[in-house]
Amino acid sequence: MKIGFSLPQHGSQARQGAQVARFAAEIEKAGADSLWVGERLLAAVNPTIGYAGKDTIPDEFNAVLDPFLLLGVAAAVTERVRLGTNVLVAPLHRPAQLARSLTTLDVMSGGRLVPGFGIGWSPEEYEAAQVPFTHRGARLDETLDALEAIWTTDPASYEGTFVTVPAHRSELKPVQRPRPPIWLGAFNPAGLARIGQRGDGWLPVVPVPGPPGWGKQLLKLRALVDQAAEAAGRDPGAIGTIVRVNVAAGTDPALIADTIEQVAADTGFDDFFIDLMYVTDSVNGMFDTAAGLLDRLR
C-alpha cells in the first residue's frame with residue numbers, strides 16, 4: 001500500500017511555513033510515498049457557494065500557502081516521493097503560465113510530478129481570477145488540450161473557444177514523456193466520463209469519519225469511469241486511482257488507519273494520501289501523526 005500526506009498548507013499550519021522543508025524531508029525518510037498540495041485562491045467573506053455542500057467555508061482556508069511554491073520547496077529537499085496537486089482549479093490559470101509552472105516542477109523533481117486538476121466550486125475565486133464561472137467543464141478541457149500542445153510540440157500553439165495560446169517556442173519539456181499524466185478529481189457523471197475519455201487517473205475522496213460502505217460507493221463511481229473509457233476505445237486498466245483521505249478534527253488516528261484498510265479491502269485501491277489539515281494546528285504534531293500512521297499502515 002502506498003501512503004502519502006498533504007503538505008502543511010492551510011490555517012495554522014500555513015503560518016508555520018518555514019517548517020515545510022523539514023516536514024517534507026523527514027516524512028520522506030519515514031517512508032511516505034507522496035506529498036500533496038491543494039489550491040484555494042481566496043476564501044470569500046460571504047460565499048455564494050460554500051465548501052463541500054455547506055453554506056460556509058472552513059476557517060483553515062483563510063490562510064493558504066501557494067501550491068506551486070510549496071511543491072518547489074518539497075522538490076528541493078526530497079528525492080523519491082511523488083509530488084501531487086489535488087487539485088489545481090485549471091480554469092483559473094492561463095495555460096502558458098500553468099504549463100511553465102508544472103514543467104518547472106517536473107524538471108526540478110526529476111519527473112515526480114502528479115498533476116491533478118478540477119473545475120472548483122467557488123464563484124468568488126473565478127471572479128478574482130477574472131474568469132467567467134460558466135462553462136467550467138469546457139474551459140477545463142481546453143486548458144488540458146493547451147497543456148498537451150505545449151508539452152508535446154515545439155513550436156506550440158492552441159486555439160479554442162475559451163483558451164488561446166499563440167505560436168511560440170516550447171523547447172523545455174517535462175521529464176515525463178510524452179507528458180505528465182493528467183489526473184482529475186470528479187464525482188459527478190460528466191466529470192467521471194471525462195476521466196474515462198481522456199484522463200490518466202482518478203482522484204476520489206474518502207471522509208473520516210464517514211458512512212459505512214464508502215468503498216463500495218467508490219467502486220460504483222469507478223465503474224462509470226471504466227464504462228466511459230471502454231466507450232472511447234481506451235483500456236480502463238490504464239487509468240489509475242489515488243484516494244484522498246479527508247480527516248475531520250478530533251479523529252482518532254486508529255480510525256484513519258482502520259478506514260484506509262477497509263476501503264483498500266473493499267476496492268483493491270492501494271494508493272492513498274491523508275489530509276491532516278483539521279487534525280492538528282502544529283506541523284510537529286502533523287509529523288507525529290503522519291509517522292504513526294505510516295508505522296501502522298506500512
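Residues numbered from 1 in each chain as written. Predicted model: local features only at pLDDT ≥ 70, side-chain atom pairs only at ≥ 80, totals over all residues. Heavy atoms only, no water.

By the naming in an unreviewed UniProt entry, the protein goes by TIGR03619 family F420-dependent LLM class oxidoreductase and is assigned to Nocardia huaxiensis.

### Overview of the environment of Asn62
The residue Asn62 is located in the loop between β2 (34-37) and α3 (67-77) in this model. Through-space distance from the C-alpha of Asn62 to that of Ala193 is 33 Å; in sequence the pair is 131 residues apart. (Helix = DSSP H or I, 4+ residues; strand = E, 2+ residues; numbered from the N terminus.)

### What to know about the sheet that holds strand β7 (residues 183-184)
On the basis of which strands lie adjacent, the open sheet formed by ten strands has the order β9-β11-β12-β1-β2-β3-β4-β7-β8-β10 and parallel pairing. Each edge of the sheet is formed by a strand with only one pairing partner; in this case those strands are β9 (205-208) and β10 (240-241). Sheet topology note: the strand β3 (residues 82-89)/strand β4 (residues 113-118) ladder contains five bridges and is parallel. Residue pairing in the sheet places Leu88 in a bridge with Phe117 of β4. Sheet strands touched by helix α10 (residues 283-297): β1 (2-6) and β12 (271-275). Its angle to β1, the strand with the most contacts, is close to 170°. (Pairing = 2+ DSSP bridges. Contact = heavy atoms within 4.5 Å. Axes fitted to C-alpha atoms, helices over the stretch in contact; angles between N-to-C directions.)

### Here we look at the pattern of salt bridges
Taken as a whole and judged by the stated rule, the model has 16 salt bridges. Here Asp200 makes a salt bridge to Arg179, at a shortest N to O gap of 2.8 Å. Placement of the pair is Asp200 in the loop between α7 (189-198) and β8 (201-202) and Arg179 in the loop between β6 (164-168) and β7, with a sequence separation of 21 residues. A residue is classified by how much of its surface remains accessible, and Asp200, at 22% relative accessible area, is partly exposed. Between Glu261 and Arg296 there is a salt bridge, with its nearest N and O atoms 2.9 Å apart. One end of the pair, Glu261, is in helix α9 (residues 253-267); the other, Arg296, is in helix α10, with 35 residues separating them in the sequence. Residue Glu261 is classed as partly exposed on the basis of its relative accessible area of 34%. With relative accessibility at 37%, the residue Arg296 sits in the partly exposed group. Connected through salt bridges with shared partners, the residues Asp141, Asp145, Arg194 and Arg198 form a single ionic network. (Salt bridge = Lys/Arg side-chain N within 4 Å of Asp/Glu carboxyl O. Buried < 20%, exposed > 50% of the residue type's maximum accessible area, 1.4 Å probe, protein only.)

### What about the UniProt feature "domain: Luciferase-like" (unreviewed entry) in the protein?
Residues given the UniProt feature "domain: Luciferase-like" (unreviewed entry) here are residues 1-263. End-to-end, the C-alpha atoms of residues 1-263 are 12 Å apart, and along that stretch the chain is 39% helix and 18% strand. (UniProt positions renumbered as here; feature names shortened; annotations may be inferred.)

### Comments concerning helix α8 (residues 214-231)
In this model α8 runs 26 Å from its N-terminal to its C-terminal C-alpha over 18 residues, within 8% of the 26 Å that 1.5 Å per residue would give. Here α8 has its buried residues at Gly215, Leu218, Leu221, Arg222, Val225, Ala228 and Ala229. In an axial view of α8, the angular spread of the buried residues amounts to 130°, which keeps them on one side of the axis. The exposed residues of α8 that point more than 90 degrees off its buried face are Lys216, Lys220, Glu230 and Ala231. Here the buried face of α8 lies against α7, β8, β9, β10 and α9. (Expected span 1.5 Å × (residues − 1). Arc of directions from axis to C-beta.)

### Looking at the nonpolar core
Counting 68 residues, the largest nonpolar core has Phe5, Leu7, Phe117 and Ile274 as the members making the most contacts within it. Looking at this core element by element, the count peaks at eight residues for α10. Sequence-distant contacts of Phe5, that is, excluding residues within four places in its chain, are made with Ile27, Ala32, Ser34, Leu35, Trp36, Phe273, Ile274, Leu276, Ala290, Leu293 and Leu294. In terms of nonpolar packing, the next biggest core, distinct from the first, is built from seven residues, Val87, Val114, Leu203 and Ile242 among them. (Core = buried A, V, L, I, M, F, W, Y, C linked by side-chain atoms within 4.5 Å.)

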